[in-house]
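# Notes for the structure review
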Amino acid sequence: MHNEMSNDSFLGSLYSHPGAFGSEYSVHEENGIPGFPNWSMNDPLQAKVDNLTHYCFPNGADSLQGDMPAQIVKACLTVENVTHFAEHYTSYQGHWPILHMPTFKLTEATNGLVMAMMCIGAVYSSKLQVHEVRQMMDFVKSTVISNGSIYSRTMNGQADGLGSTSWDVEEMQALLMLQQLSLWHGGANQRQVSRNEFPALVRVAKAMGLSQQASTGHYAHSVLHNSQTTQTAPIDARSFDWHGWLEQEKRNRTMYLLLLTDAAMVMYFNAPAQFDPLEIRLMLPADDAAWDARDELECASALGLHGPQAQARNITGTRRPTQPGMRDAIRTLMEPAAAFAPSSTNAYAKFILVHAIIVKVIACQKTILLQDGAWQGFNFGLGGSGPATPLSQNDWLDVHSGATSGPLSASNSGHATPTDTAGSLQMAAQQEKKRLGNALDKWKRNWDYDLELQYPPGQSHRRFGFSRDGVHFFYLGRSFFQSQRPSDWTLPADKRFQQVMALLKRIKGFVLGDKEVRGHDIGSVGDISELYGLDDLTLNMKLLFKPYNSLLDSPIAGVRTSV
């Protein structure tokens, strides 16, 4: 049971010598922290720990005697423990790669981001149990919000200039990590609070302009992330700005994890969507080889800026200097006559796209099956007017570049009764649902074809990472598409979570058989533990997002471990 360890023995283990952390993730003094190639033991980590301690305990740690969450955090704030938890964070990074590890330095990152990373590392560490990590999460979340600025500036109407610095993005990353922790690792109350607070987090991200390409003059401006620029001007490797590219890619990946969290809220908890995928005016994530590159030359080579002969490291991606835009990719899926060129999207992009389609499938199902007026509570968000705005015809059909045929077109003027409007929306939803079914099938054909090109059977490069394993969600989307039960879309959040997680586990077995026939590995969704989510104590995130078996499994193993 989780209460067997006394507080004294628990805190004592955290204060013990570095060897107490075991040998699986041992720290080598000459190399620094595995997974953090830009940090070495010569960096002043003790100064950072002192800074973190003041950040968490501005009035002194002794002022919170008897406060168990505070005592847990205080015990964690030693050089050895920060190193230990940072190492274990890399398992989460493998699933959700939003930090650029080759240039990331613990000593220079914002305190809130480091504390959020420590909470995630604590999940994967054997030093803390589930209930102890949950206490740590609450303390750190409160500390990050009280010390931060992006949340308060947005809520107080002082959002001018928000998102104009890298510190704002790191603060958003910290809040997003804590949101993920609450959803997948939190207790019942933490999950409820997290669901209630999520719309505010989305509001902050929109105020920061994360859904838009950074403009010229912005610190994160990147020519290669601007599809209009790259279509009209040749791409010159000599003028490649790696810093701008990295900063825009960080913003993109933060935004896409937020979008995926929104999709998860819709799929697993019956929450209303806060985004329409079509309002994301960004390129899809870059190839792993470009994102994981250690320097400008390696990144430019992975992007193909030095020709195909220099792309040896990029074996699992599109091998293209730019990626499709989110809106263009969705339109390609939805338009019957359109098709993706072979290997034009990578695995992470496909994961994002299938979730975008599923969110739209659920919107249709709610409109079709909930005929008591509940359709008014759902909105794709194009108008930004909030979740109580009914869908317009343009919302349904914007994917066809503004096509407005059908029962709610502009030619249908006059005054409609609520019954007429609901009936018309259901007709539009039926038409949209048919297109979405075709889009799902197109997605699956594209996934199967590209998987053979990017991850051929028998290759040594394993497809590790939840975000690179989208095929299970095709089947989940198909299940949602075929559902005829109105109750599916009205279940309380935790009941719906249990229902969908059980369905995903059944799908896992089906996909496993298919992959064995094709010769592919099972992927990270296939690694979900059967125990995950069976009760409150098994809501342990490392059972959902599997840790690396060893650092040799890590896609970032083998890169530089010192500066």
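Calculation notes
- Residues numbered from 1 in each chain as written.
- Predicted model: local features only at pLDDT ≥ 70, side-chain atom pairs only at ≥ 80, totals over all residues.
- Heavy atoms only, no water.
- Helix = DSSP H or I, 4+ residues; strand = E, 2+ residues; numbered from the N terminus.
- Buried < 20%, exposed > 50% of the residue type's maximum accessible area, 1.4 Å probe, protein only.
- Contact = heavy atoms within 4.5 Å.
- Areas by Shrake-Rupley, 256 points an atom, 1.4 Å probe, with all protein chains shown as cover.
- Axes fitted to C-alpha atoms, helices over the stretch in contact; angles between N-to-C directions.
- Parallel < 35°, antiparallel > 145°, perpendicular 65-115°, else oblique.
- Left-handed = near helix turned anticlockwise from the far one by under 90°.
- Nonpolar A, V, L, I, M, F, W, Y, C, P; charged D, E, K, R; others polar.
- Phe/Tyr/Trp six-rings, centres within 6.5 Å; stacked < 30°, edge-to-face > 60°.
- Disulfide = S-S within 2.5 Å.
- Salt bridge = Lys/Arg side-chain N within 4 Å of Asp/Glu carboxyl O.
- Core = buried A, V, L, I, M, F, W, Y, C linked by side-chain atoms within 4.5 Å.
- Expected span 1.5 Å × (residues − 1).
- Polar contact = N/O pair within 3.5 Å; in protein donor to acceptor, adjacent residues only side chain to side chain.

Per an unreviewed UniProt entry, the recorded name for the protein is Xylanolytic transcriptional activator regulatory domain-containing protein, and the organism is Friedmanniomyces endolithicus.

### A word on the overall build of the protein
Along the protein, the regular secondary structure elements total 20 helices and zero strands. The buried share of the protein, reckoned over its 563 residues, is 58%. Considering only contacts in the protein between residues 6 or more positions apart, those separated by 24 or more positions represent 77%. On the protein, roughly 22300 Å² of surface is accessible, and the fraction owed to carbon and sulfur atoms is 52%.

### Focus: the packing of helix α6 (residues 130–147) against helix α8 (residues 166–185)
Packed helices, taken two at a time, are described by the angle between their axes plus the distance between the axes. Across the interface, α6 lies against α8 with an axial gap of 10 Å and an inter-helix angle of 150°. Comparing their axes, α8 and α6 come out roughly antiparallel. When the axes of α6 and α8 are compared, the crossing they make is left-handed. Two secondary-structure elements touch here, α6 through Val130, Val133, Arg134, Met137, Val140, Lys141, Val144 and Ile145 and α8 through Ala174, Leu175, Leu178, Leu181, Ser182 and His185. Among the residues making up the contact of α6 with α8, the classes are represented as ten nonpolar, two polar and two charged.

### Points about the packing of aromatic side chains
Throughout the structure, instances matching the rule amount to 21 aromatic pairs. Note on Tyr89 and Tyr92: the rings are 5.8 Å apart at their centroids and 45° apart in plane angle, and the pair reads as tilted. Of the two residues, Tyr89 and Tyr92 are both situated in helix α4 (residues 79–95); the distance of three residues between them amounts to about one turn of the helix. Residue classification places Tyr89 among the buried residues on the basis of a relative accessible area of 0%.

### Some thoughts on the environment of Gly157
Tracing the sequence through the fold places Gly157 in the loop between α7 (150–155) and α8. A relative accessible area of 67% places Gly157 in the exposed class. On a C-alpha basis, the gap between Gly157 and Ala207 in space is 9.8 Å, while along the polypeptide they are 50 residues apart.

### Things to note about the state of the cysteines
For the coordinates displayed, the defined rule picks out zero disulfides. Between Cys119, a free cysteine, and Cys76, which holds the nearest cysteine sulfur, the sulfur-to-sulfur gap is 8.2 Å. Taking the relative accessible area as the measure of exposure, Cys119 reaches 0% and is therefore buried.

### Some remarks on the pattern of salt bridges
Taken as a whole, this structure holds 17 salt bridges when the rule is applied. Note that Asp494 is salt-bridged to Arg191, the shortest N-O span being 3.2 Å. Highlighted residues: Asp494 in helix α19 (residues 493–518) and Arg191 in helix α9 (residues 188–207), separated in sequence by 303 residues. Note on Asp494: relative accessible area 25%, which makes it partly exposed. Note that Lys206 and Glu279 form a salt bridge whose closest N and O atoms lie 3.7 Å from each other. Taken together, the residues span a long stretch of sequence, with Lys206 in helix α9 and Glu279 in the loop between α11 (242–269) and α12 (288–291) at a distance of 73 residues. Overall, the relative accessible area of 33% leaves Lys206 in the partly exposed class. Judged by its relative accessible area of 15%, Glu279 falls in the buried class.

### Quick look at the nonpolar core
The biggest cluster of nonpolar side chains holds 137 residues, and the ones touching the most others in it are Leu77, Met136, Trp184, Tyr268, Met326, Phe473 and Phe480. Broken down by element, this core gets its largest block of residues, 16 residues, from helix α15 (residues 347–369). Look past the residues within four positions of Met136 in its chain and what remains in contact with it is Ile72, Val73, Cys76, Met118, Cys119, Ala122 and Leu128. Ala237, Ala289, Trp291 and Ala293 belong to the second largest nonpolar core, which has 16 residues in total.

### Looking at α15
Between its first and last C-alpha, α15 extends 33 Å over 23 residues, near the 33 Å set by a 1.5 Å rise per residue. Of all the 23 residues making up α15, 23 are buried; the element is thus mostly covered by neighbouring parts of the structure. Between the side-chain oxygen of the N-cap and the backbone nitrogen of Tyr348 there are 3.3 Å, and the N-cap of α15 in question is Asn346.

### As for the packing of helix α14 (residues 326–334) against α15
One way to put it is that α14 packs onto α15 with a least axis distance of 11 Å and a crossing angle of 65°. Note that α14 runs across α15; the crossing there is right-handed. For the pair formed by α14 and α15, the contact residues are Met326, Ala329, Ile330, Leu333 and Met334 on the first element and Ile352, Leu353, Ala356 and Ile357 on the second. Looking at side-chain class alone, the contact of α14 with α15 contains nine nonpolar, no polar and no charged residues.

### Describing α11
Across its 28 residues, α11 extends 39 Å between first and last C-alpha, which sits within 8% of the 40 Å expected from 1.5 Å per residue. For α11, the tally of buried residues reaches 27 of 28 residues, placing the bulk of the element in the interior. Looking one or two residues past α11, Asn270 carries a phi angle of roughly 55°, positive in sign.

### A look at the environment of Leu512
When you line up the elements, Leu512 lands in helix α19. As for Leu512 and Gly523, which are separated by eleven residues in sequence, their C-alpha atoms are 9.0 Å apart.

### Things to note about the side chain of Asn270
With respect to the element layout, Asn270 can be found in the loop between α11 and α12. Using a relative accessible area of 12% as the deciding quantity, one classes Asn270 as buried. Within polar-contact distance, the side chain of Asn270 engages the backbone oxygen of Asp488 at 3.0 Å.

### Some details on unusual backbone geometry
Excluding glycine, a negative phi dihedral is what most residues carry, and trans is how most peptide bonds are arranged. Unlike most non-glycine residues, Arg319 shows phi in positive territory, near 60°. On the accessibility criterion, Arg319 (34% relative accessible area) is partly exposed. Positive phi outside glycine occurs at Ser343, with the angle close to 55°. What makes Ser343 buried here is its relative accessible area of 12%.

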